[in-house]
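Tertiary structure, described
Here's the letter readout for the chains.
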Amino acid sequence: MIPTRAWWKEAVVYQIYPISFADSNGDGLGDLNGIYSKLDYLKDVGVDVVWLSPIYPSPLADMGYDISDYRDIDKRYGTLDDWDKLVKGLHDREMKLVMDLVVNHSSDEHEWFIESRSSKINPKRDWYVWRPPKYDEEGNRHPPNNWKSIFQGPAWDYDEATGEYYLHLYVSKQPDLNWENEDVRHAAWDVMRFWLERGCDGFRMDVINKISKVKGLPDAPITIPDEEYQPAGMYYLNGPRVHEFIKELNSNVLSHYDVITVGETPSTYLADEVAKYVLPQNKELNMVFQFELMDIDAFVDPRSGDHIPMIPCDWTLSDLKNIVTKWQVFKREEGFWNAVFIENHDQARSISRFADDSDEWRARSAKLLAMLQITQGGTLYVYQGEEIGMRNFPVDWGLEEYKDVATQNYWNNDTVDMSDVIDGLQRKARDHGRTPMQWNDTTHAGFTTGTPWMRVNDDYKACNAESQTRDETSVLSFWKRAIQVRKARDVLTKIYGDFVELDHLNKAVFAYTRSLGNSSALVLLNFSKSEVEYRVEGIMTDGFKCELSNYASEDSTEYLGSVILKGFEGRVYFRDM
Ligand code: GLC
Ligand code: CA
């Protein structure tokens, strides 16, 4: 069955992390006018949709994922007028805008929470999750249950004023909203309507799989006996009412607009669980970010089964093939749709994780990973800087360069071995994806004329957008070409060619075909530094022509059954019968 076409399926989405993208006024923080000044650049890359990480007023306890006003723009980023101008600039260029909707929690500085904490009888008391303390036999006060938060100790904070605890799955400045309360749900819909009416074209929904908690908030089973607080995902991930809540926001709000929606569903590894959010007949979301590939190098704590991203573990190409293939073929007949991504603001840089970011190999690696992505079925998401092959910052940067609250809290957690901690941060900290965008080779990479809020990666003279724009062989030029190829070829994207993996046991090469009607693509990706000879068994190989490769002009090369692939070489062939 050929799935139905939709603009949001064919789109290339570009994620901007506003504080690190472009600073227009020299205060060291990226802003909306900075983004505005780069619209032609984005258009030229081939971007159709821009997704902005949060730009609302925020104390920035978690870099904007802690919102203190859902209907305004943080002064540091600009004004609502600047936002209107940005939307117009995008629409004039036939691009669209996606906003980040963060409604599992707000900031503790949001007016709603300030009211809620003010007294037990305040009408907004029930908008958050408040519970009385528990006392042990000696009369010591404890949180209402033993849940552990995601970035910081217990998931509860005690509020002296009213003598109760409030729930926060993330840091204490991010109290969880109580979705059981109907007024909260209506308030979330109103926020969505506010932005849609103003011209926004869709939402990325932050940790949307955590909005429904199990009734009674029971204690989590003790899986880590030497700790007081326990992983409690089983009581808040994909909870009992989550699908009801999402269906409700779809029918009340989303279905009235022509929008793109993508939910973030971390820590959800059962494909059938993921499918519920996405299958069209469920009328929930267009697609979700599932994290199976992102967690490929995360240690799994055998006690709780939780993935710990900051403790890196080894992975093999066969793991990667399994994950990609699984999702490429998953429930296609039923209309399941993928979000294809390999980076975002919560991840270290992809060439540093999945290939080789040394000076010698970085460009080839970046192009190889571009090919891996543009040849997959699904909506394509590119993260700022990925298109120029930005990499992790150097290992010799001190801890003071790591700004993320998750990093800081992880560092300050005394239950883990420090040498492992440092290794983990150098490889996996979210900070690596948050260094300022590298625009040119002037001071601070042209990101700001002032002092950047976060240090610019030292390699900006060798790696920046301006020099890559001029260089036809650059990573940036390759991405542009790759996106053009993807858009020109229905077999790759528009109408969802079938995905068939080849030669699964090959330890160096990831090979697959995509086919649709009489057209096929053959994709060969060598994930090793060594040259390998590759033979395709079992498929008719005549007539395949190479259209994309990260080595010099292979364009007209025909595929003749066997090929020598150089280190990290990738090739994309096409055949039309
Ligand atoms: C999402 C965001 C991440 C944030 C978290 C809590 O995972 O992507 O940056 O820390 O939610 O809001
Ligand atoms: Ca600024």
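What you see is a predicted model, and the numbers here were worked out from it, not measured in a lab.

Moving on to the pattern of salt bridges. Overall, the coordinates contain 51 salt bridges when judged by the stated rule. For the salt bridge of E248 with R185, the shortest nitrogen-to-oxygen distance reads 2.7 Å. Taken together, the residues span a long stretch of sequence, with E248 in helix α7 (residues 242–252) and R185 in helix α6 (residues 182–198) at a distance of 63 residues. Per residue, the accessibility class of E248 equals that of R185, and both read buried. The salt bridge involving E273 is made with K276; its shortest N-O contact spans 3.3 Å. Remark: K276 and E273 occur in helix α8 (residues 271–278); sequence separation between them is 3 residues, near one turn of the helix. Residue class for K276 comes out partly exposed when judged on its relative accessible area of 35%. Each of D62, D346, D404, R430 and R434 takes part in a single network of salt bridges with overlapping partners.

At a closest axis distance of 10 Å, the pairing of helix α11 (residues 362–374) and helix α15 (residues 475–488) adopts a crossing angle of 15°. Regarding the angle of α11 to α15, the classification is roughly parallel. Pair α11 / α15 crosses with right-handed handedness. Only V475, F478, W479, A482 and R486 of α15 make contact with α11, whose side of the interface consists of A363, A366, K367, A370, M371, Q373 and I374. Residues of the contact of α11 with α15, tallied by class, amount to 9 nonpolar, 1 polar and 2 charged.

Turning our eyes to something else, we now look at the nonpolar core. Nonpolar side chains in soluble globular proteins tend to be buried together. Ranked by size, the top nonpolar core spans 154 residues in total, and within it Y41, L42, W83, W195, F203, Y381 and F510 carry the most contacts. If one sorts the elements of this core by residue count, α6 sits on top with 8 residues. Filtering out sequence-adjacent residues up to four positions away, W195 remains in contact with Y56, Y70, R71, D72, I73, L80, W83, M99, C200 and F203. In this structure, W156, L167, V207 and A232 belong to the second largest nonpolar core, which totals 18 residues.

Moving on: the coordination of the calcium ion (ligand 2). Around the calcium ion (ligand 2), the protein supplies D23 (OD), N25 (OD1), D27 (OD), L29 (O) and D31 (OD) as donor atoms, at distances of 2.2 to 2.4 Å. Read from N- to C-terminus, the donor residues coordinating the calcium ion (ligand 2) fall into the pattern D-x1-N-x1-D-x1-L-x1-D.

This paragraph deals with the environment of A155. Inspection of the secondary structure puts A155 in the loop between β6 (141–142) and β7 (156–159). The spacing of A155 and Y166 is 11 residues in sequence and 8.3 Å in space, taken between C-alpha atoms. Sequence-distant contacts of A155, defined by excluding residues within four places in its chain, comprise W147, K148, S149, Y166, L167 and H168.

Cut-off values and rules
- Residues numbered from 1 in each chain as written.
- Chains lettered and ligands numbered in written order.
- Predicted model: local features only at pLDDT ≥ 70, side-chain atom pairs only at ≥ 80, totals over all residues.
- Heavy atoms only, no water.
- Salt bridge = Lys/Arg side-chain N within 4 Å of Asp/Glu carboxyl O.
- Helix = DSSP H or I, 4+ residues; strand = E, 2+ residues; numbered from the N terminus.
- Buried < 20%, exposed > 50% of the residue type's maximum accessible area, 1.4 Å probe, protein only.
- Axes fitted to C-alpha atoms, helices over the stretch in contact; angles between N-to-C directions.
- Parallel < 35°, antiparallel > 145°, perpendicular 65-115°, else oblique.
- Left-handed = near helix turned anticlockwise from the far one by under 90°.
- Contact = heavy atoms within 4.5 Å.
- Nonpolar A, V, L, I, M, F, W, Y, C, P; charged D, E, K, R; others polar.
- Core = buried A, V, L, I, M, F, W, Y, C linked by side-chain atoms within 4.5 Å.
- Donors = N, O, S within 2.8 Å, 3.2 Å for Na, K, Ca; no water.

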